[in-house]
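Commentary on secondary and tertiary structure
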Amino acid sequence: MPEASVWRTSPNLALNQLVAERRAAGDDVVHLGFGESRLPAFAPLAERLARGAGRNAYGPVAGGDDVRRAAAGYFSRRNMPTEADQIVVGPGSKPLLMALQHVLPGDVLLPRPAWNSYAPQARLAGKKAYGVPIPAVCGGIPDPAAVRDVVRDARAAGGDPRIVVLTLPDNPTGTLAPPALVREICAVAEELDLVIVSDEIYRDIVHDPATPFLSPAEVVPHRTVVTNGLSKTLALGGWRVGVCRFPGNSWGREVRDGVISVASEVWSTLAGPMQEVAAHAFSEPPEIRQRLAASARLHGIVARAVHRIMVDAGAICRPPTGGFYVYPDFEPLRAHLASRAVTGSGSLQRHLFDTYGVMVLAGHHLGDDEDALRFKAATSMLYGDTAEQQEQSLAADDPLALPHVAHVLARVEETFTELCR
Ligand SMILES: Cc1ncc(COP(=O)(O)O)c(C=O)c1O
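This is a predicted model, so every value here is computed, not measured. (Residues numbered from 1 in each chain as written. Predicted model: local features only at pLDDT ≥ 70, side-chain atom pairs only at ≥ 80, totals over all residues. Heavy atoms only, no water.)

Take the sheet that holds strand E7 (residues 224–229) next. Spatial strand order, E2-E8-E7-E6-E5-E3-E4: seven strands in an open sheet with mixed pairing. Strand pairing shows two members of the sheet lacking a second neighbour, strand E2 (87–90) and strand E4 (129–133), which therefore form its edges. With direction set aside, neighbouring strand axes in the sheet form an average angle of 25 degrees. (Pairing = 2+ DSSP bridges. Helix = DSSP H or I, 4+ residues; strand = E, 2+ residues; numbered from the N terminus. Axes fitted to C-alpha atoms, helices over the stretch in contact; angles between N-to-C directions.)

Now the structure itself:
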């Protein structure tokens, strides 16, 4: 049995709880610390959910034929030809990623910083996680040259890194790796015989539809497993719908069977009504495509507004191109922040919350250096407190001009202007 002290709640969920408690006590908190798309459930999907209530039998572990065929179509339309038997659906991509960690042999290479659950999942699976710095241009991908060095050193020291995780687009930096960089990491994966796990949960949140998206599954399909889901793109995190696409070769079938074996012992199958929802969403009728496009547009507009606030305050920050995050670095203000006893990501997060009631997620929770003055801000929490306000934000030509959005952005701006003055 591990020591009780090793059991920790995922830091973003713990912060979420703290914010809920402060709000219940009457405090006005701006919550930028949780990676949730704060938009209402889309009405046609809620109808599907109700219609799916009759799907009360367990059904196949991998998911029913309808949902797997729809998901195969979704991937095929994105330049990844897919058969239904390459698909497994599950209750969120998080358990599918955990199952992959159990099934795939070897240790894991992660971009540094990366989504906060990859490293704890690796630990739970008895693996070592190697953080590899991200390039200056974007996150979600470890610097390919650095991967070569880390793998060489790790193998020389008796380690066994065999998996590299990519996040396209990325949480926490809100950026999408350009195709040239994806090709580079694929070449390194070939050279070093690494399996690629490509987490594409933000795939349909690319801010500018003209931005090219290249999945490693298009470049090295034989060694790439892709995960995706409805939590981010359709704001359905609480409904728990994830999908995994395996390579069509014999190795892919082996990994798929391993994931199905884990699923059969842990969650049995994706809830029947959710399969009804997923079959509809992945088949992408025009209403779904319009919803995806409107959501991506809103995420981009608000992320760019928060990015501007951070840069105006004096931070260095990669311009956001996908997802709904920014990841500023306040290093240029180190001396000034030290005068406020802010010397690293933990004290920066605490100071922002205690002094201004603004919650962010400190970079060290994402594998980043504790001394660095970096954090993640989720910009998708700024669309309004009610479903009505959020729908208005989605429909508006200029969401930044809506009073409920303008008000909270002004609060964020005041906070960072004051912090850095
Ligand atoms: C990069 C990334 N991957 C996976 C997930 C898990 O999403 P879900 O389990 O809701 O599919 C998240 C959610 O925060 C995420 O940000």
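The subject of this paragraph is the packing of aromatic side chains. In the structure shown here, the tally under the stated rule is nine aromatic pairs. Each ring, one from Tyr74 and one from Phe282, has its centre 5.4 Å from the other, and the planes form 70 degrees; the classification is edge-to-face. One end of the pair, Tyr74, is in helix H3 (residues 65–77); the other, Phe282, is in helix H10 (residues 272–283), with 208 residues separating them in the sequence. According to the relative accessible area criterion, Phe282 is buried, its value standing at 1%. Judged by centre distance (5.4 Å) and plane angle (80 degrees), the rings of Tyr202 and Phe324 are edge-to-face. Linking Tyr202 in the loop between strand E6 (195–199) and helix H8 (216–219) with Phe324 in the loop between helix H11 (286–313) and strand E9 (325–326), this pair joins segments that are 122 residues apart in sequence. With respect to class, Tyr202 is no different from Phe324; both count as buried. (Phe/Tyr/Trp six-rings, centres within 6.5 Å; stacked < 30°, edge-to-face > 60°. Buried < 20%, exposed > 50% of the residue type's maximum accessible area, 1.4 Å probe, protein only.)

How big an interface is tends to be stated in terms of the accessible area lost upon association of its parts. Considered domain by domain, the protein chain is made up of domain 1 (4–41 + 288–419) and domain 2 (43–284). If you average the C-alpha positions of domain 1 and of domain 2, the two centres end up 25 Å apart. Each side of the interface is counted separately: domain 1 has 36 residues, and domain 2 has 39 residues. Each partner contributes to the roughly 2900 Å² buried at the junction of domain 1 and domain 2, and carbon and sulfur atoms together form 57% of this total. Inspection of the region where domain 1 meets domain 2 yields zero salt bridges. Where the side of domain 1 that touches domain 2 is concerned, the elements lending two or more residues are helix H1 (11–24), H11 and E9. (Domains from an automatic or database assignment. Contact = heavy atoms within 4.5 Å. Buried area = accessible area lost by both parts, 1.4 Å probe. Salt bridge = Lys/Arg side-chain N within 4 Å of Asp/Glu carboxyl O.)

Near the ligand there are 13 residues, and of these Asp199, Tyr202, Ser231, Lys232 and Arg240 occur at the shortest range. A distance of 2.9 Å is found between an oxygen atom of the ligand and a backbone nitrogen or oxygen belonging to Lys94. Lys232 is positioned with one of its side-chain polar atoms (N or O) 2.7 Å from an oxygen atom of the ligand. Here the ligand, which alone exposes 400 Å², has 93% of that area covered by the protein. Broken down by class, the residue content of the shell around the ligand amounts to four nonpolar, five polar and four charged. (Near = heavy atom within 4 Å. Polar contact = N/O pair within 3.5 Å; in protein donor to acceptor, adjacent residues only side chain to side chain. Areas by Shrake-Rupley, 256 points an atom, 1.4 Å probe, with all protein chains shown as cover. Nonpolar A, V, L, I, M, F, W, Y, C, P; charged D, E, K, R; others polar.)

As a packed pair, helix H4 (residues 93–103) and helix H9 (residues 250–266) sit with axes 9 Å apart at the nearest point and diverge in direction by 115 degrees. The two elements H4 and H9 cross, and the hand of that crossing is right-handed. Residues Leu96, Ala99, Leu100, His102 and Val103 of H4 lie in contact with H9, whose contacting residues are Val255, Gly258, Val259 and Val262. For the contact of H4 with H9, a count of residues per class yields seven nonpolar, two polar and no charged. (Left-handed = near helix turned anticlockwise from the far one by under 90°.)

A word on the side chain of Asp204. Topologically, Asp204 is positioned in the loop between E6 and H8. Here the side chain of Asp204 touches Tyr74 through a polar contact of 2.6 Å, side chain to side chain. Contact partners of Asp204, with chain neighbours within four places excluded, come to Tyr74, Arg78, Thr233, Leu292 and Ala296.

Topologically, Asp107 is positioned in strand E3 (residues 107–112). Despite being buried, Asp107 has no salt bridge partner; Lys127 is the closest side chain of opposite charge, sitting 6.0 Å away. At 2.9 Å, the side chain of Asp107 forms a polar contact with the backbone nitrogen of Lys128. (Lys, Arg positive; Asp, Glu negative; His and termini not counted.)

Let us now look at H4. H4 sits mainly inside the fold: eight of its 11 residues count as buried. By the burial criterion, the buried members of H4 are Ser93, Pro95, Leu96, Leu97, Met98, Ala99, Leu100 and Gln101.

With that settled, consider unusual backbone geometry. Note that the residue after Arg112, namely Pro113, is joined by a cis bond; omega there is 5 degrees. You can see Pro113 is positioned in the loop between E3 and helix H5 (118–124). In this model, Ser268 sits at a positive phi of 70 degrees, which is unusual for a non-glycine residue. Following the sequence through the fold, Ser268 ends up in the loop between H9 and H10. Given a relative accessible area of 27%, Ser268 falls into the partly exposed group.

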